[in-house]
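Commentary on secondary and tertiary structure
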Amino acid sequence: AWLEFRRVLFRSGARHGEIYIPVDKVTAIRWGTTISQSNYSNSYNFSMVISGAGQVINLAWSAPSETDKSKELFDKHVGALLTYIFPPLLERIKLQIQAGLTLQIGPCKVNQYGVQFETKGWFSNKSHNVSWKKIKANLSNGELHLFSIDDYSEKIELSLKDTNNVFVLYILATSEES
């Protein structure tokens, strides 16, 4: 099944079957791998989603083991995504933020001042506004961990595989110019 995904990402955009999204129309990306286990065997599930121009390209395939071909194909797709699709998307999002817009990335609101998110408490939710200078970001096991350097209880986790533009948020949070 994975053979049908050999050539999807190009300098000009992403194409899968009849769907084509030009690079300058891409609005969201996400990717990841999960491992599920059942009856003493593992299944490796690869996923990449590219959205824009009112369309969605959803690449997903499974392999009974992390075969070299599946892993190599996935790594090539992530490399192409980061080379061709990601830089223009990051620039468009930076320009929108610099223009004063507030963007939603998962449960986070992102603007020129920083990141706003809620954490769940025992009895109520608490809203946090963390400036770009005070935010720290780490990637680990397919999750983005965002937290305030002033108060480690002000933290949130976002899945790279399941949440659009989490890698964009990671780059913004770790960038010197934010």
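This write-up is about the structure you can find in this document. Just so it is clear, the structure is predicted and the values come from calculations on it, not from any experiment. (Residues numbered from 1 in each chain as written. Predicted model: local features only at pLDDT ≥ 70, side-chain atom pairs only at ≥ 80, totals over all residues. Heavy atoms only, no water.)

1. So, the packing of aromatic side chains
- Counted by the stated rule, this structure contains seven aromatic pairs.
- Where Phe46 meets Phe74, the ring centres are 5.3 Å apart and the plane angle is 45 degrees; that geometry is what we call tilted. Separated by 28 residues along the polypeptide, Phe46 in strand 5 (residues 41-52) and Phe74 in helix 1 (residues 68-98) bring together distant segments of the chain. For the pair Phe46 and Phe74, a shared accessibility class is recorded, and that class is buried.
- The interplanar angle of 50 degrees and the centroid separation of 5.3 Å between the aromatic rings of Phe147 and Tyr152 together place this pair among those described as tilted. (Phe/Tyr/Trp six-rings, centres within 6.5 Å; stacked < 30°, edge-to-face > 60°. Helix = DSSP H or I, 4+ residues; strand = E, 2+ residues; numbered from the N terminus. Buried < 20%, exposed > 50% of the residue type's maximum accessible area, 1.4 Å probe, protein only.)

2. Observations regarding the nonpolar core
- One finds Leu9, Ile29, Ile50, Cys108, Leu146 and Leu169 to be the most contacted residues of the largest nonpolar core, which totals 48 residues.
- The biggest single contributor to this core is helix 1, with 11 residues.
- Those residues in contact with Ile50 that sit more than four places away from it in its chain are Leu9, Ala14, Ile21, Val26, Ala28, Ile29, Gln55, Val56, Ile57 and Leu81. (Core = buried A, V, L, I, M, F, W, Y, C linked by side-chain atoms within 4.5 Å. Contact = heavy atoms within 4.5 Å.)

3. What to know about the sheet that holds strand 3 (residues 19-22)
- Taken in spatial order, the three strands make up an open sheet running 1-2-3, and their pairing is antiparallel. The sheet is open, and its two edges are formed by strand 1 (9-10) and strand 3, each paired on a single side.
- The sheet contact formed by strand 1 and strand 2 (residues 13-16) spans two bridges and is antiparallel. When the sheet's bridge partners are listed, Phe10 is paired in strand 2 with Gly13. (Pairing = 2+ DSSP bridges.)

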